[in-house]
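Below, each chain spelled out in residue letters.
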Amino acid sequence: MMSTPLDRRALLSGALAGAAALAARPTIAQAAGPAELRIAQPWEVKTLQLGESGFTFTRAGITETLVASLPDGRIAPGLAQSWSVSDDGLQWRFRLRDAVFHDGTRLDAAAAKASFDRLLPQSLYLKRAGIAAVEADGQDLVLKLDKPFGPLLSYLVDNSAALLAPGAFDGEGRVRAIIGTGPFKIGAAELPRSLALVRHEAYWGEKARVAAVRYDAVGNGDTRTNIAVAKDADIVFNLAAQGVGRAGSAGMTIERVIIPRTHILMLNCAKPQFAEAPVRRALSMALDREGIAAGIMRNKALAATQYLPPTLAEWHFTDLAPLRQDVTAANALLDAAGWPRGADGIRAKGGVRFAGTVRTFANRPELPVIATAMQAQLRAIGFDLAISVGEAQAIFEAQKDGSLELGLSSRNLVIVPDPIGTIALDYAADSIAPGSTGTTGWRHDGLRQEVARYLAEADDKRRATARRAIAGIIHEELPIIPVTWYDQIVAVHPRVSGFVTDPLEQRYFLDRVTIAS
């Protein structure tokens, strides 16, 4: 928890450009000034390191990357206004904008290189792009690769490698202050729960239309619903489906869009009860996805018939047999695999009980409810599921130490706009990245070969063949079990105009929002 006075001062240094004190933040229920945009969203800022909290700073408009993704997935200029690539694909040259960091430092190639040198080794995705050297050449930043890497532009959207000012780092190269280039800068903070943002008047693009933003983390879904109903925030992200009616009746506008995110049941395939693909398929066949989607998500169309949703048209394949509930076939698979039922109805094999504890979290309020529904559905095939509700980080920690049995989590498939970034990290890496929601105890060399082929290929026709092979392996092997796809639900106050929902969850576009007097 970043909550000591020293940590708060570090966050604010530079961003306050000399202001001395850390202002205490009001609770979100207190009235805001007419020019302050009030945001309620689920995620606390527990560290300044971008590998864990970078998404918060990018979504809020504090930090920026060389290139950006548009809501339709296209790559657009960011801090680089243009770029070119050599014929052999090994050298990329980016012409930087005339931009200014929040502490007044000018963005030039030397500052960009310094930021890359510190953040690239710790980045989640970009460090996997094979960048061998970073050079500053006038106002150009030059990236040299050790081999061609087709989706480099997508990987450059990685928020864990956003550009920070030289003053953002301590002597050991760790982030000590968030000094970005975005349309908002940090004016005050109460970590981990609250940020007060102010407009960056020297922003290189169109200046933010609101002067101030109050950006609060509200982890409890019921509380976020109550905030929306009381109109105590202007924009409430991740509203629970059950709260839509109440918020709408209170006069809030409801924005709802299916996004490239999947709720998944994670399995530790190193555990004997999950080691075999037919057993994992039986667990999948026990789930009533349509019932969960209709009853809990309030949208039957969200039943996940495969891992990647139809919103990712290039990665969604209609020739894959849909994942459906079939309890009879599931029980037959388990009988054939040698898992007989005991007197209590629970199966066992070789002294191993067909059982496990699923870890999940309440920041996404539907997840514990889905876990409860799965508990009864899995018992019908002789699996005894226990439920543990804690923090999302507990799943990652259990993955690292090998104690994870099952995890119910939610995976953003486009943290970089091309899903290969998520797939390579979750299914083809030897280590577990922070916040990862991929496989545990599972390896498939054929999938790794297809991922490597895709990453090295620039021709999309040949990449399409690799896409189908990758999706097919995940679908057949089920190292994780897709449960539902996801729609982002946002409640918007009637005084707000100009709000845009980003299906990729990259940016909240708060700089485009206006507030009625």
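Residues numbered from 1 in each chain as written. Predicted model: local features only at pLDDT ≥ 70, side-chain atom pairs only at ≥ 80, totals over all residues. Heavy atoms only, no water.

1. Looking at the side chain of Arg224
(1) Moving on: Mapped onto the fold, Arg224 is located in helix α5 (residues 221-229).
(2) Moving on: Excluding residues that lie within four positions of it along the chain, Arg224 makes contacts with Gln41, Pro42, Val218, Gly219, Val236, Phe237, Asn238, Leu239, Asn363 and Pro365. (Helix = DSSP H or I, 4+ residues; strand = E, 2+ residues; numbered from the N terminus. Contact = heavy atoms within 4.5 Å.)

2. With respect to the sheet that holds strand β4 (residues 80-85)
(1) Moving on: Strands sit in the order β4-β5-β7-β6 across an open sheet of 4 strands; the sheet is antiparallel. Whereas interior strands pair on both sides, the edge strands pair on one side only; in this sheet they are β4 and β6 (131-137). Strand-to-strand twist in this sheet, taken as the mean axis angle between neighbours without regard to direction, amounts to 20°.
(2) Moving on: Pairing of strand β5 (residues 91-96) with strand β7 (residues 140-145), which is carried by 5 bridges, proceeds in the antiparallel orientation. Paired with Gln91 across the two strands is Lys144, which belongs to β7.
(3) Moving on: The strands that helix α3 (residues 109-119) touches are β5, β6 and β7; relative to β6, the one it contacts most, it runs at about 160°. (Pairing = 2+ DSSP bridges. Axes fitted to C-alpha atoms, helices over the stretch in contact; angles between N-to-C directions.)

3. Considerations on the side chain of Thr181
(1) Moving on: Mapped onto the elements, Thr181 comes out in the loop between α4 (152-155) and β8 (184-190).
(2) Moving on: The residues touching Thr181, leaving out its near neighbours within four places in the chain, are Ile62, Glu64, Leu79, Val100, Phe101, His102, His200, Tyr203 and Trp204.

4. Re the sheet that holds strand β15 (residues 355-361)
(1) Moving on: Pairing within the open sheet is mixed, and its 10 strands lie in the order β8-β9-β10-β1-β11-β18-β12-β17-β15-β16. Two strands in the sheet have a free side with no partner beyond their single neighbour: β8 and β16 (384-390).

5. Description of the domain arrangement of the protein chain
(1) Moving on: Taken domain by domain, the protein chain comprises domain 1 (64-163), domain 2 (184-252 + 493-515) and domain 3 (261-486).
(2) Moving on: On a C-alpha basis, the centroid separation for the pair domain 1 and domain 2 is 28 Å.
(3) Moving on: Taken together, the contact between domain 1 and domain 2 spans 15 residues of the former and 12 residues of the latter.
(4) Moving on: Carbon and sulfur atoms supply 57% of the area buried between domain 1 and domain 2, which totals about 1,100 Å² over both sides.
(5) Moving on: Contact with domain 2 buries area across many residues of domain 1, yet Ser69, Pro71 and His102 alone supply 49% of it, more than any other trio.
(6) Moving on: At the junction of domain 1 and domain 2, the tally comes to 0 salt bridges.
(7) Moving on: Our enumeration of links across domain 1 and domain 2 arrives at 5 residue pairs in polar contact (both at pLDDT 80 or more). (Domains from an automatic or database assignment. Buried area = accessible area lost by both parts, 1.4 Å probe. Salt bridge = Lys/Arg side-chain N within 4 Å of Asp/Glu carboxyl O. Polar contact = N/O pair within 3.5 Å; in protein donor to acceptor, adjacent residues only side chain to side chain.)

6. Thoughts on the packing of aromatic side chains
(1) Moving on: Tallied over the entire structure, the rule returns 13 aromatic pairs.
(2) Moving on: Grouping aromatic residues by their ring pairs yields a cluster made of Phe274, Trp339, Phe354 and Phe383.
(3) Moving on: The ring centre of Tyr486 lies 6.0 Å from the NZ or CZ of Arg261, which sits over that ring.
(4) Moving on: One Lys or Arg, Arg468, reaches over the ring of Phe317 and ends 5.7 Å from the middle of that ring. (Phe/Tyr/Trp six-rings, centres within 6.5 Å; stacked < 30°, edge-to-face > 60°. Lys NZ or Arg CZ within 6 Å of the ring centre and 35° of its normal.)

7. Structural notes on the pairing of β4
Successive residues of a regular strand alternate their side chains across the two faces of the sheet.
(1) Moving on: In this sheet, β5 lies alongside β4 in antiparallel orientation, the contact comprising 5 bridges. What sits directly across from Ser84, in β5, is Arg93.
(2) Moving on: Counting the residues that bridge the hairpin from β4 to β5 gives 5 residues, and of these Gly89 lies at a positive phi of roughly 75°.

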